[in-house]
There are 2 protein chains.
Amino acid sequence: MTTQLSPTERSTVRRGAHRASTDRADLHATLDAGLICHLAMVVDGSPRVLPTGYGRLDDTLYLHGSSGARSLREADEVCASVTVVDGVVYSRSMMHHSMNYRSAVIHGRARHVTDPGERWEALRVITEHLAPGSWDHARQPNKKELAATAVIALDLAEASVKIRTGGPGDDAEDIEANEAWAGVLPLHRTWGDPVPAADLVSDLPVPEHVLRRG
Amino acid sequence: MTTQLSPTERSTVRRGAHRASTDRADLHATLDAGLICHLAMVVDGSPRVLPTGYGRLDDTLYLHGSSGARSLREADEVCASVTVVDGVVYSRSMMHHSMNYRSAVIHGRARHVTDPGERWEALRVITEHLAPGSWDHARQPNKKELAATAVIALDLAEASVKIRTGGPGDDAEDIEANEAWAGVLPLHRTWGDPVPAADLVSDLPVPEHVLRRG
């Protein structure tokens with residue numbers, strides 16, 4: 001796979017094309033910065049979208065779920081979206097209000113992962129994406145848990161990424177009129193203080209990978 | 001519309017049904033807490049999902065976009081998802097790792113709003129959702145801008161809401177083994193310091209609705 005994104009017709013960004021990036025590194029960085037994805041599929045002819053965790057390994061996105069979940073079991077053609085909102089853009093005019101964001105959209109066919117080695121690796125990257133450091137700290141999956149888990153893979157071949165940064169793009173008349181403030185209010189994801197489980201049987205210290213999560 | 005959600009077959013929560021709420025107030029609160037929604041539709045037989053702003057007025061969700069955007073112009077049957085992640089749940093076992101979240105999913109047919117009064121009101125609630133206080137502070141839309149804007153409405157009739165709160169749900173053996181820390185790392189949305197636009201022609205003060213945004 002090249003470092004350049006080679007979009008197909010449907011993964012070519014049309015609206016706001018100047019915000020489209022063709023750099024695969026931007027796609028990876030956006031996927032790595034998000035926490036959840038929104039996975040869309042067609043069920044009984046109707047669109048359906050659900051939020052779910054994920055993990056990335058090179059150019060594959062992995063998702064997992066209960067092997068009993070119809071949505072995942074029947075997933076065929078899917079579209080996954082990962083969006084990170086970085087701020088609200090306040091403009092002099094209402095119509096130029098916007099957001100700063102990083103948005104990745106991936107089209108593809110879900111591949112149901114059956115190889116035990118790949119399934120194990122997929123669960124590791126999904127865990128490490130949700131909770132970095134947990135794979136080695138927590139108890140890893142046993143046979144029964146593995147049997148109850150479905151894993152799907154989505155190739156990052158047909159993907160697009162759109163990034164907006166910077167200030168408002170107001171019309172010249174509005175800038176000159178100077179009747180409203182304009183700027184950006186940055187939005188951050190911040191972690192609060194860890195809350196130990198009520199049923200911890202002893203005073204286990206909060207591990208570093210939780211305490212120092214970035 | 002009653003205060004109880006009356007889900008149809010497809011809006012009945014199956015996986016993790018104990019997390020489903022049937023309270024309309026929870027649906028409204030979740031929609032009001034989110035910043036963006038992920039809108040799914042079927043385009044040329046394939047699923048497509050895109051992130052977009054929105055606003056809520058009573059039991060209607062409003063979305064807007066360029067009247068030239070094919071996706072919005074042709075939107076018919078859609079599914080919208082609003083997800084707020086409140087924390088990461090660290091469990092003793094990898095398979096019980098989870099998130100605390102509020103998730104609203106709405107199914108319905110997009111209604112293309114043509115009535116000028118409703119369009120105006122929709123733009124107001126979309127603006128106020130993105131940037132509370134901006135509708136009265138910034139310049140409101142002019143005729144040309146209105147003509148370039150498509151507004152769609154989605155009835156909140158067929159909707160579901162799922163909420164997870166609290167600590168991990170580990171297996172008894174893992175709790176007893178006491179070999180891994182367990183608890184919740186809360187996730188917060190925090191606003192940074194406002195960044196005035198580089199092209200502000202005078203030192204307009206940052207307005208209260210930006211400075212004090214909650």
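As shown above, the structure is provided for reference.
Everything in this summary refers to the structure shown in the same document. (Residues numbered from 1 in each chain as written. Chains lettered and ligands numbered in written order. Predicted model: local features only at pLDDT ≥ 70, side-chain atom pairs only at ≥ 80, totals over all residues. Heavy atoms only, no water.)

## Examining the overall build of chain A
- The number of helices and strands found in chain A is seven helices and 12 strands.
- When the backbone C-alpha atoms are referred to their principal axes, chain A occupies close to 65 × 50 × 35 Å.
- If you take every contact in chain A between residues at least 6 apart in sequence, the share linking residues at least 24 apart comes to 72%.
- For chain A, the exposed surface amounts to about 9,500 Å²; the carbon and sulfur share of it is 51%. (Helix = DSSP H or I, 4+ residues; strand = E, 2+ residues; numbered from the N terminus. Contact = heavy atoms within 4.5 Å. Areas by Shrake-Rupley, 256 points an atom, 1.4 Å probe, with all protein chains shown as cover.)

## Description of the sheet that holds strand β5 (residues 60-66) of chain B
Residues and elements named next belong to chain B.
- The strand order across the open sheet built from four strands is β4-β5-β9-β8, with neighbouring strands paired in antiparallel fashion. Looking at strand neighbours, the two that pair on one side only are β4 (55-57) and β8 (111-112), the edges of this open sheet.
- Summarising the sheet, β8 and strand β9 (residues 149-155) pair through two bridges and their orientation is antiparallel. Across the sheet, His112 pairs through a bridge with Ile152, a residue of β9. (Pairing = 2+ DSSP bridges.)

## Here's the deal with the sheet that holds strand β8 (residues 111-112) of chain A
Residue and element names in this part refer to chain A.
- Read from one edge of the open sheet, four strands run β4-β5-β9-β8, paired in antiparallel fashion. Unpaired on one side and paired on the other, β4 (55-57) and β8 mark the two borders of the sheet.
- Of the pairings in the sheet, the one linking β4 to strand β5 (residues 60-66) comprises three bridges and is antiparallel in character. Pairing of Arg56 across the sheet is with Leu61, part of β5.

## Details of the relation of the copies chain B and chain A
- For the match of chain B to chain A, the screw axis carries a shift of 0.0 Å, the RMSD comes to 0.0 Å, and the turn is 180°. The relationship between the two copies is best expressed as a two-fold rotation axis. Rotation axis and chain B: the residue whose C-alpha lies nearest the axis is Arg189 of chain B, separated from it by 2.6 Å. (Least-squares fit on C-alpha atoms with pLDDT ≥ 70 in both.)

## Concerning unusual backbone geometry
Residues and elements named next belong to chain A.
- With a phi angle near 50°, Asp58 is a residue other than glycine that sits in the positive phi range.
- Among the secondary structure elements, Asp58 is positioned in the loop between β4 and β5.
- For Asn178, which is not a glycine, the phi torsion comes out positive at approximately 55°.
- Overall, Asn178 belongs to the buried group, its relative accessible area being 19%. (Buried < 20%, exposed > 50% of the residue type's maximum accessible area, 1.4 Å probe, protein only.)

## Some details on the side chain of Arg92 of chain B
- With respect to the secondary-structure elements, Arg92 of chain B resides in the loop between β6 (77-90) and β7 (98-109).
- Reaching out from Arg92 of chain B, the side chain makes a polar contact with the side chain of Asp199 of chain A at a distance of 3.0 Å.
- Discounting residues that sit within four places of it in the chain, Arg92 of chain B has contacts with Ala138, Arg139, Ala197, Asp199 and Leu200 of chain A together with Pro168, Asp170, Asp174, Ile175, Ala180, Trp181 and Ala182 of chain B. (Polar contact = N/O pair within 3.5 Å; in protein donor to acceptor, adjacent residues only side chain to side chain.)

## Examining the side chain of Thr83 of chain A
- Looking at the element boundaries, Thr83 of chain A is found in strand β6 (residues 77-90).
- At a separation of 2.8 Å, a polar atom in the side chain of Thr83 of chain A contacts the side chain of His38 of chain B.
- Apart from the residues within four sequence positions on either side, Thr83 of chain A is in contact with Arg102 and Ser103 of chain A together with Ile36, His38 and Pro51 of chain B.

## Details of the interface of chain B and chain A
- If you look at the interface, chain B gives 87 residues, while chain A gives 87 residues.
- Three residues, Pro47, Met94 and Trp181 of chain B, lead the burial of chain B against chain A; their summed loss comes to 11% of the area buried on that side.
- Here chain B is connected to chain A by five salt bridges.
- In this structure, the salt-bridge partner of Asp171 of chain A is Arg139 of chain B, at a minimum N-O distance of 4.0 Å. (Buried area = accessible area lost by both parts, 1.4 Å probe. Salt bridge = Lys/Arg side-chain N within 4 Å of Asp/Glu carboxyl O.)

## Remarks on the environment of Thr165 of chain B
All names here are of chain B.
- Checked against the element boundaries, Thr165 lands in the loop between β10 (158-164) and α6 (172-177).
- Using a relative accessible area of 60% as the deciding quantity, one classes Thr165 as exposed.
- Thr165 sits 79 residues away from Asp86 along the chain, and the two C-alpha atoms are 8.2 Å apart.

## Observations concerning the packing of aromatic side chains
Residues and elements named next belong to chain A.
- Scanning all chains against the criterion turns up four aromatic pairs over all chains.
- Residues Trp120 and Trp135 carry aromatic rings whose centres are separated by 5.2 Å and whose planes lie at 75° to one another, so their mutual orientation is edge-to-face. With Trp120 in helix α3 (residues 116-130) and Trp135 in helix α4 (residues 134-137), the pair connects residues that are 15 residues apart, well separated along the chain.
- Judged by relative accessible area, which is 31%, Trp120 ranks as partly exposed. (Phe/Tyr/Trp six-rings, centres within 6.5 Å; stacked < 30°, edge-to-face > 60°.)

## Focus: the pattern of salt bridges
- Inspection of every chain in the model, using the stated rule, returns 23 salt bridges over all chains.
- One salt bridge in this structure joins Asp174 of chain A and Arg139 of chain B, with 2.7 Å as the shortest N-O distance. Of this pair, Asp174 of chain A sits in helix α6 (residues 172-177) while Arg139 of chain B sits in the loop between α4 (134-137) and α5 (143-147), placing the two residues on different chains.
- The salt bridge partner of Glu118 of chain B is Arg111 of chain B, with a shortest N-O separation of 2.8 Å.
- A network of salt bridges, in which partner residues are shared, links Asp171 and Asp174 of chain A together with Arg139 and Glu145 of chain B.

## A short note on the pairing of β5 of chain B
Residues and elements named next belong to chain B.
- Hairpin connection from β4 to β5: two residues lie between these consecutive antiparallel strands, with Asp58 at a positive phi of about 55°.
- Direction of pairing for β5 relative to β9: antiparallel, over a ladder of seven bridges. Across the sheet, residue His64 finds its bridge partner in β9, namely Val151.

None of this, on its own, says anything about what the molecule does.
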